[in-house]
Amino acid sequence: MTKRLIITLLGMGYFLTAFSQTIDFDPSYTMWYKQPAEKWEEALPIGNGRLGAMVFGKYDEERIQINEETYWSGGPYSTTVEGGYKALADIQKYIFDGEPLKAHKLFGRYLMGYPVEQQKYQSTANLYIFFDKQAEVTDYRRWLDLNTGIVHVEYESEGVKYKREVFSSAPDQVIVIRLTTDQRGSLNFRAQLRGVRNMAHSNYATDYFRMDGVGEDGLMITGKSADYLGIEGKIRYRAQLKAYNEGGAIRVKGTELIVENADAVTLCIVAATNFINYKDVSADQNLRVENYLKNIANKSYHDLKESSLSDYSKLFNRVILELPETENSYLPTDKRMEDLGEGDDPNLAALCYNFGRYVLISSSRPGTQPANLQGIWNEDMNPSWDSKYTTNINTEMNYWPVESGNLSECAEPLITMIKELTDQGSQVAREHYGASGWVFHQNTDLWRVAAPMDGPTWGTFTTGGAWLTTHLWEHYLYTMDMEYLREIYPVIKGSVKFFMDFLVEHPNGKWLVTNPSNSPENPPKGPGYEYFYDEVTGMYYFTTICYGSSIDMQILYDLFGYYIKSSELLGVDSEFSNEVKMVRERLVPPIVGSNGTLQEWTEDYAQLEEKHRHFSHMYGLYPGNVISVKKTPELINACKAVLEQRGDGGTGFSRGWKMALWARLYDGNRANKIFRGYIKEQAYPQLFAKCYTPLQVDGTLGVTAGITEMLVQSHEGVIDLLPALPDEWDTGQFMGVCVRGGFTLNFSWENGRVIELEVLSKAGGKCRINTGSDCKVYFNGKRIRLKKFSDGSIEFNTNKDGKYYFKF
């Protein structure tokens, strides 16, 4: 097991100290560097779910980039187009008749949402701190302590040792920057809080901001969001800095805060907008900011730090993952990543797992917005893909580890967004498809629009909402909360109702299929599919429009099954549930194509893009529950053939997905090989994922989920321990991980075999588990009776809140 170690490591050439004490260092929980961030993608993130910042750690001109999660372009709007359903029958006929380009064009004219694009997540501000006489420094390091959620910076300049601590407090809703030195009266700097303008598109950027000083110890920015796509910018925001000095002098000159000869300074930054919800922007951002400042007025730095740490620790400390350490584990994090291909460092996977949980805690708290493509961190007024919610894989992947990671309450923002999407989703179902229930496609933004967007190549993904809805069921499986199930049952039923209306009969008279449909972003290679100039996007591209994509069929098979089970558990809608059962049996099953791979479409098409980044038709293997080694062994070689054909490369999110897919195939060494490639090629130095180049959190969190799947699985009614353990992870412990059925596990292993196991039953009920070895189970000191199965698993009854101990 990992031990808390002191960073002296003189033999490796690294000697790290604080001012007067050595620092406890655990490579599973510390990301550290010997130089400042040169660019935004190297900065260290902090967040409280609503307020985020990226800390560069510079010594001459520090930059801390700040986000408030509800600062978006535009305002409340709808993209629903009335009467679009009138063209639906013609679109469906063109697709069935093998004329996809005609269907694409008709869909583009009548079923696309308007505006065709959506709104952008924005950057709120940058805090710049200018230090005097610090052009050269020694003994520099910066680090993020995942155990505390605090970013630290330390260095020495001209005989003075400087130290910073930066964190974002959830209890006090404030970003705190603490600056100290080891010599009294030696802290001198200027600070400026700067707004951000959309310079790239100033022709339409009607955003503005004003920078002002506040008294002798404060700075402030006020502003509004940009009009975009014809939608008026309705967000009003305010960000304010309040400085507290210990010794020396402090004053404001214009828009600069000037500190001279201080012993220590605490900078507190609060921010707010007028956003209440996707339909209401009537809040008073000024009053909100004033209230935040009043709340912290009489609190010391110690008070702010302790309350933040107490809140954060209650979430983060629930889970411990430790994997074997090597000498490389104690290198700076960027050096660890560079050297991973040359040496072993299994512990780096534990650091990635822990960082993923940190990202979720920092970007998704009850009452906040869900984590978007970049979590809550964004420096750009025109971010890649608008930094919004892409739901043909990315948003879902953001939340893959939330339940198993013992962060169930951090799923609340996603659950709330799904409920909100049923508003415009119901309008789109009616107007675009002539159907009941609700539907949602592949993207939304702060304003919860639900119609197809971007163009038919992307917008024909009608199962985006259905996929999100499976997360509602997963939350139930992990919590076994019947009151929650009653609450979200209408949302699940509404999604099912749409597809009961939308599904149409396949020409063979046997199957029911979605039409139109697509397999996200991957163009089929078949009759009628070719590159063409698209009048919607204004570019030469391809179409993905089809009927009955495999991902659609697999998502609906899961969705319908979850609905049927919900109906049974709640004792409601038995007649409708029986109808759903009959329809479920007519969905197109997974099919093996002529080339031996799992078909991506109902037709046996090839693909125009050979190494596509998405694995949409593998949804049923992971994260879904349609395909598995145990229940569909006849499909496993076809799944492996897909993975082999597309290779181990691709984007960050693609590699996270591949790790989980190989884990479900019980190949831990292959999953680990992909993890190593991800670290070398598709991860930034602070472990955020790349989508080729743009920073995103989906791959970060997909890797977290993939690591979990390698160590424990529970999707088939049995808890399987170490199902895909890589050879180099032969020893470790996983404490506090959650599994379906309402169980929490603490277990450790040596030489690839479980040696200790404790199961906490949060809901009661039967527990079926496969430990990989013979064992005895004890409750309250007494051995309990076990039921044994031919697959090696055992089952026993549990009491609510009971703890069960295993002896091997």
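The structure we're discussing is the one just above.
Below you will find a few notes about this structure. Along each chain, residues carry numbers from 1 onward, in the same order as the chain's sequence is written. Local features in this predicted model are restricted to residues whose pLDDT is 70 or higher, and side-chain atom pairs enter the listing and the counts only when it is 80 or higher, whereas totals over whole chains, interfaces and linings include all residues. Where side-chain values are given, they derive from all heavy atoms of the structure, hydrogens and water being excluded.

Moving on: the overall build of the protein chain. Under the DSSP-based scheme used, a helix requires at least four consecutive residues in state H or I and a strand at least two consecutive residues in state E, with every element numbered from the N terminus. Looking only at helices and strands, the protein chain has 17 helices and 40 strands in total. Our radius of gyration is a C-alpha quantity, and the globule rule it is checked against amounts to 2.2 Å times the number of residues to the power 0.38. The C-alpha atoms of the protein chain give 27 Å as radius of gyration, which agrees with the globular expectation for 808 residues (28 Å, within 12%). Seen through its C-alpha atoms, the protein chain measures out along the principal axes to roughly 85 × 70 × 50 Å. In this scheme, a residue with accessible area under 20% of its type's maximum is buried, one over 50% is exposed, and one in between is partly exposed, where area comes from a 1.4 Å probe on protein chains only. Looking at the protein chain as a whole, 64% of its 808 residues qualify as buried. Throughout, a residue-residue contact means that at least one pair of heavy atoms, one from each residue, lies within 4.5 Å. Of the contacts formed within the protein chain by residues at least 6 apart in sequence, a portion of 69% connects residues at least 24 apart. Values of accessible area rely on a 1.4 Å probe in the Shrake-Rupley scheme; residue burial ignores everything except the protein chains shown. Carbon and sulfur atoms provide 46% of the accessible area of the protein chain, an area that totals close to 28,500 Å². In this tally, Asp and Glu contribute negative charge and Lys and Arg positive charge; neither His nor the terminal groups of the chain are included. Where a charge lies is defined by one atom per residue type: Lys uses NZ, Arg uses CZ, Asp uses CG and Glu uses CD. Taking the 84 positively charged and 103 negatively charged side chains of the protein chain as two groups, their mean positions are separated by 3 Å.

Okay, the pairing of strand β16 (residues 249-253) next. Only one face of β16 is covered, namely the one carrying Ile-250 and Val-252; the face carrying Ala-249, Arg-251 and Lys-253 has none of its residues buried. Here, strands pair whenever DSSP counts at least two bridges between them. Relative to strand β17 (residues 256-262), β16 is paired through five bridges, and the arrangement is antiparallel. Bridging from a neighbouring strand, Arg-251 pairs with Ile-258 of β17. Between β16 and the antiparallel strand that follows it, β17, lie two residues; Gly-254 among them carries a positive phi value of about 65 degrees.

Attention now goes to the packing of aromatic side chains. Classification of ring pairs rests on two measures: the distance between centres of Phe, Tyr or Trp rings, Trp counted by its six-membered ring, which must be within 6.5 Å, and the angle between planes, read as stacked under 30 degrees, edge-to-face over 60 and tilted in between. Under the criterion given, the structure shown has 47 aromatic pairs. Ring geometry for Tyr-71 versus Tyr-237: centroids 4.4 Å apart, planes at 40 degrees, classification tilted. Pair noted here: Tyr-71 is in the loop between β6 (61-68) and α1 (88-96) and Tyr-237 is in strand β15 (residues 236-246), with a separation of 166 residues, a long-range link. Of the residues examined, Tyr-71 reaches a relative accessible area of 0% and is grouped as buried.

The subject of this paragraph is helix α3 (residues 285-296). Think of an α-helix as turning once every 3.6 residues; residues three or four places apart then point the same way. By this rule the span expected of a helix is its residue count minus one, scaled by 1.5 Å. Over its 12 residues, α3 extends 17 Å from the first C-alpha to the last, a length consistent with the 16 Å expected when each residue adds 1.5 Å. Turning to α3, its buried residues are Gln-285, Val-289, Leu-293 and Ile-296. Seen along its axis, α3 keeps its buried residues to an arc of 75 degrees; they face one direction. As for α3, its buried residues are in contact with β11 (174-181), β15, β18 (264-273) and α4 (301-316). Each polar contact in these results corresponds to two N or O atoms within 3.5 Å; when the atoms are within protein, one needs to be able to donate a hydrogen and the other to accept it, and residues that are neighboring in sequence are counted only if both atoms are side-chain atoms. Where α3 begins, one side-chain oxygen reaches toward the backbone nitrogen of Asn-286, 2.9 Å away; that side chain belongs to Asp-284. Starting at the helix axis, one direction is taken to each C-beta atom, and the arc is that of these directions.

Take a positive patch on the surface next. Taken together, the side chains of Lys-776, Arg-783, Lys-788 and Lys-807 present a region of like positive charge at the surface. In this fold, Lys-776 is placed in strand β36 (residues 776-779). Among the residues examined, Lys-776 registers a relative accessible area of 37% and is labelled partly exposed. Patch construction takes residues with relative accessible area above 30% that form no salt bridge. Like charges are linked within 9 Å, and nonpolar side chains (Val, Leu, Ile, Met, Phe, Trp, Tyr) are linked within 5 Å. Salt bridge, as used here: a side-chain nitrogen of Lys or Arg that lies within 4 Å of a carboxyl oxygen of Asp or Glu.

Bringing the pattern of salt bridges into the picture now. Counted under the stated rule, the structure contains 46 salt bridges. In this structure, the salt-bridge partner of Glu-154 is Arg-141, at a minimum N-O distance of 3.9 Å. Here Arg-141 lies in strand β8 (residues 138-145) and Glu-154 lies in strand β9 (residues 150-157), a separation of 13 residues in the sequence. A single burial state applies to Glu-154 and to Arg-141, both of which are buried. Taking the shortest distance from any N to any O, the salt bridge between Glu-165 and Lys-305 comes out at 3.2 Å. Placement of Glu-165 in strand β10 (residues 160-169) and of Lys-305 in helix α4 is noted, with a sequence separation of 140 residues between them.

The next subject is the sheet that holds β18. Across the sheet, which stays open at both edges, the nine strands sit in the order β3-β8-β9-β10-β11-β18-β15-β14-β13 with antiparallel pairing between neighbours. Either end of the sheet is taken by a strand with one partner, and the two such strands are β3 (30-33) and β13 (208-214). For this sheet, the mean inter-axis angle between neighbouring strands, taken without regard to orientation, is 15 degrees. Sheet analysis places β11 next to β18, joined by six bridges and oriented antiparallel. Each residue of the ladder has a partner; that of Arg-178, found in β18, is Thr-266. The axes are straight lines fitted to the C-alpha atoms, using for helices just the contacting stretch, and the angles between their N-to-C directions are given from 0 to 180°.

Moving on to the nonpolar core. Nonpolar side chains in soluble globular proteins tend to be buried together. Membership of the largest hydrophobic core comes to 226 residues, with the highest contact counts inside it found for Leu-127 and Leu-267. Element by element, the count of residues in this core is highest for helix α6 (residues 347-363), at 11 residues. Beyond its immediate stretch of four places on either side in the chain, Leu-267 contacts Leu-127, Ile-129, Ile-175, Val-176, Ile-177, Leu-179, Phe-189, Leu-241, Lys-242, Ala-243 and Leu-257. Remark: nonpolar core denotes a set of buried residues (Ala, Val, Leu, Ile, Met, Phe, Trp, Tyr, Cys) joined through side-chain atoms within 4.5 Å. Counting residues in each nonpolar core, the second largest holds 12 residues, with Ile-150, Phe-167, Val-174 and Leu-293 among its members.

Turning our attention to the sheet that holds strand β4 (residues 44-47). Pairing in this open sheet of seven strands is antiparallel, and the strands run β4-β5-β6-β7-β12-β17-β16 from one edge to the other. Two strands lie at the open edges of the sheet, namely β4 and β16, each paired on one side alone. Ignoring which end each strand starts from, the neighbouring axes of this sheet average 20 degrees apart. Where β4 lies against strand β5 (residues 51-55), four bridges are found, and the strand directions are antiparallel. Looking at the pairing, Gly-47 lines up with Gly-52 of β5.

This part is about empty space enclosed by the protein. A pocket here means an open set of points on a 1 Å grid, computed over the protein atoms alone, that has protein on both sides within 12 Å along at least five of seven lines. A cavity is instead a set of points where a 1.4 Å probe fits but cannot get out; residues with an atom within 4 Å of a point line either one. Grid points are joined across faces, edges and corners, and a volume is the space filled by probe spheres set on the points. One pass over the structure, following the stated rule, counts five cavities of 30 Å³ or more. Along the walls of the largest cavity sit 31 residues, with Tyr-399, Trp-400, Glu-474, Tyr-478 and Arg-740 positioned nearest its centre. Where the lining of the largest cavity is concerned, the elements lending two or more residues are α8 (412-433), α10 (464-479), α12 (550-570), α17 (698-711), β30 (712-713) and β32 (732-739). A per-element tally of the lining of the largest cavity places α10 first, with six residues. Any residue that is not Ala, Val, Leu, Ile, Met, Phe, Trp, Tyr, Cys, Pro, Asp, Glu, Lys or Arg is counted as polar, Gly included; the first ten are nonpolar and the last four charged. The class makeup of the residues in the lining of the largest cavity is 17 nonpolar, eight polar and six charged.

Glancing now at helix α2 (residues 100-110). Turning to α2, its buried residues are Pro-100, Ala-103, His-104, Leu-106, Phe-107 and Gly-108. The inward-facing, buried residues of α2 abut α1, α8, α9 (456-459) and β25 (532-534).

With respect to the secondary-structure elements, Thr-470 resides in helix α10. One polar contact links the side chain of Thr-470 to the main-chain carbonyl oxygen of Trp-467, over a distance of 2.5 Å.

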